[in-house]
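# Chains, contacts and geometry: an overview
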Amino acid sequence: MAETFRDNEAQSRFELEADGAIAFVVYRKSPDTITLVHTEVPPELGGRGIGSKLARATLEAVRAQGRKLVVKCEFIQGFMKKYPAYDDLLA
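Here's a quick rundown of the structure. (Residues numbered from 1 in each chain as written. Predicted model: local features only at pLDDT ≥ 70, side-chain atom pairs only at ≥ 80, totals over all residues. Heavy atoms only, no water.)

## Focus: the overall build of the protein chain
Condition: Numbered from the N terminus, helices here are DSSP runs of H or I no shorter than four residues, and strands are runs of E no shorter than two. To get the radius of gyration, use the C-alpha atoms; to get the globule rule, take the number of residues to the power 0.38 and multiply by 2.2 Å. Exposure categories follow from relative accessible area, calculated using a 1.4 Å probe and restricted to protein chains: below 20% of the type maximum is buried, above 50% is exposed, and the middle band is partly exposed. Here, two residues are considered to be in contact whenever any of their heavy atoms come within 4.5 Å of each other. Under the convention used here, a 1.4 Å probe and the Shrake-Rupley method define accessible areas, while residue burial counts only the protein chains that appear. His is not counted here, nor are the chain ends, while Lys and Arg score as positive and Asp and Glu score as negative. In this description, the location of a charge corresponds to atom NZ of lysine, CZ of arginine, CG of aspartate or CD of glutamate.
Secondary structure assignment for the protein chain yields 2 helices and 5 strands. Each helix (α) and strand (β) of the protein chain, taken in turn from the N terminus, gives the series β-β-β-β-α-β-α. The C-alpha atoms of the protein chain give 12 Å as radius of gyration, which agrees with the globular expectation for 91 residues (12 Å, within 12%). If one aligns the C-alpha atoms of the protein chain with their principal axes, the spans along those axes are about 35 × 30 × 20 Å. The burial tally for the protein chain puts 37% of its 91 residues in the buried class. Long-range pairs, those at least 24 residues apart, make up 39% of the contacts in the protein chain between residues at least 6 apart in sequence. Accessible surface, the protein chain: about 5,100 Å² in total, of which carbon and sulfur atoms supply 51%. Across the protein chain, the mean location of the 13 positive side-chain charges is 4 Å away from that of the 13 negative side-chain charges.

## Re the pairing of strand E4 (residues 33-40)
Regular strands place their side chains on alternate faces of the sheet. Here is the rule we go by: Strand pairing follows a simple DSSP-based rule, namely that at least 2 bridges must link the two strands. Seen with its strands pointing away from the viewer, a crossover is right-handed if its path from the first strand over the helix to the second goes clockwise.
Note that strand E3 (residues 21-29) and E4 share 6 bridges and pair antiparallel. Bridging from a neighbouring strand, phenylalanine 24 pairs with glutamate 40 of E4. Between the end of E3 and the start of E4, which pair antiparallel, lie 3 residues. Viewed along the sheet, the connection from E4 through helix H1 (residues 50-65) into strand E5 (residues 68-71) turns out right-handed.

## Comments concerning unusual backbone geometry
Its identity as a non-glycine residue notwithstanding, serine 12 has a phi of 55°, on the positive side. Residue aspartate 19 is not a glycine yet carries a positive backbone phi of 50°.

Below is the structure:
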């Protein structure tokens, strides 16, 4: 299964494409922070760990952009509880 991660700035979301379907995290950017608002994984990608891969790639992208993070999305909040190594990103 080929997977492609990208920052789709035109739609304000990080995307992970797999098998022709797209899982995504909607965000709002400001000069210093990024707010993660909502995560959506299509049913056809469910049960394959796509949500976790998307969360990890999203947090790494935020780190690479040098922004601080505000998390409104429950899925990302849950992921970060399991992986506290990303806590340094929080605003």
